[in-house]
Amino acid sequence: MRPTAVARSDMPGPKVYNVWWGDKAVMKQKGLVQYSVSPFRQRATHNLFRSYLFNGFTRLSAHFGYWIVPFAVGYGTYTWAKKYDAWQNSKAAHVAGHSH
């Protein structure tokens, strides 16, 4: 049984189609496909902000009820907890007999 070959970080030999960085003397690689984007499709963000002013506001306002109610409940809970914590750590709460 033959042991496996040691992996080295040397430059590839002449039988390998992996070109070393900047080495122009090695054969061209086979099976390479180069893709490009059409010039008509390169302007993906054309009028992005102007379109968002109209379309984005319409979309957000349509979903206003779905996110304002959970936000209001969460913010109300947060403010109540902050006030209750401040009261619990105050002298008035200790006089009233409440403990942590």
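Worth saying up front: this structure is predicted, and the values here are computed from it rather than measured. (Residues numbered from 1 in each chain as written. Predicted model: local features only at pLDDT ≥ 70, side-chain atom pairs only at ≥ 80, totals over all residues. Heavy atoms only, no water.)

So, about the overall build of the chain. On a plain count of helices and strands, the chain comes out with 3 helices and 0 strands. When the helices and strands of the chain are placed in sequence order, the string is α-α-α. Within the chain, the fraction of its 100 residues that count as buried is 3%. A total accessible area of about 10,400 Å² is found for the chain, and carbon and sulfur atoms account for 63% of it. (Helix = DSSP H or I, 4+ residues; strand = E, 2+ residues; numbered from the N terminus. Buried < 20%, exposed > 50% of the residue type's maximum accessible area, 1.4 Å probe, protein only. Areas by Shrake-Rupley, 256 points an atom, 1.4 Å probe, with all protein chains shown as cover.)

Before going further, it helps to examine the UniProt feature "transmembrane region" (unreviewed entry) in the chain. Here, UniProt's "transmembrane region" (unreviewed entry) annotation points to residues 64–81. As a span, residues 64–81 carries 100% helix and 0% strand, and end to end its C-alpha atoms are 26 Å apart. (UniProt positions renumbered as here; feature names shortened; annotations may be inferred.)

We now examine the packing of aromatic side chains. The full count for this structure, using the stated rule, is 4 aromatic pairs. A centroid spacing of 5.5 Å and a plane angle of 80° characterise the contact between F64 and W67, whose relative ring orientation is edge-to-face. With F64 and W67 both in helix 2 (residues 64–88) and 3 residues apart, the pair spans about one turn of that helix. Residue F64 is classed as partly exposed on the basis of its relative accessible area, which comes to 42%. Ring geometry for W80 versus Y84: centroids 5.5 Å apart, planes at 10°, classification stacked. (Phe/Tyr/Trp six-rings, centres within 6.5 Å; stacked < 30°, edge-to-face > 60°.)

Time to look at a nonpolar patch on the surface. A contiguous nonpolar surface patch, about 620 Å² in accessible area, is contributed by F64, W67, F71, Y75 and Y78. Along the polypeptide, Y75 turns up in helix 2. (Patch = residues over 30% accessible without salt bridge, like charges linked within 9 Å, V, L, I, M, F, W, Y side chains within 5 Å. Salt bridge = Lys/Arg side-chain N within 4 Å of Asp/Glu carboxyl O.)

Moving on, we come to the packing of helix 1 (residues 48–62) against helix 2. At a closest axis distance of 5 Å, the pairing of helix 1 and helix 2 adopts a crossing angle of 60°. Of the possible angle classes, the one that applies to helix 1 and helix 2 is oblique. On the side of helix 1, the interface is formed by L60, S61 and A62, while helix 2 contributes F64, Y66 and W67. (Axes fitted to C-alpha atoms, helices over the stretch in contact; angles between N-to-C directions. Parallel < 35°, antiparallel > 145°, perpendicular 65-115°, else oblique. Contact = heavy atoms within 4.5 Å.)

With that settled, consider the confidence of the model for the chain. Taken residue by residue, the chain gives an average pLDDT of 78. The fraction at 70 or more is 67%. Within the chain, the element-level pLDDT minimum falls on helix 1, averaging 84, and the maximum on helix 2, averaging 94. (pLDDT = per-residue confidence, 0-100.)

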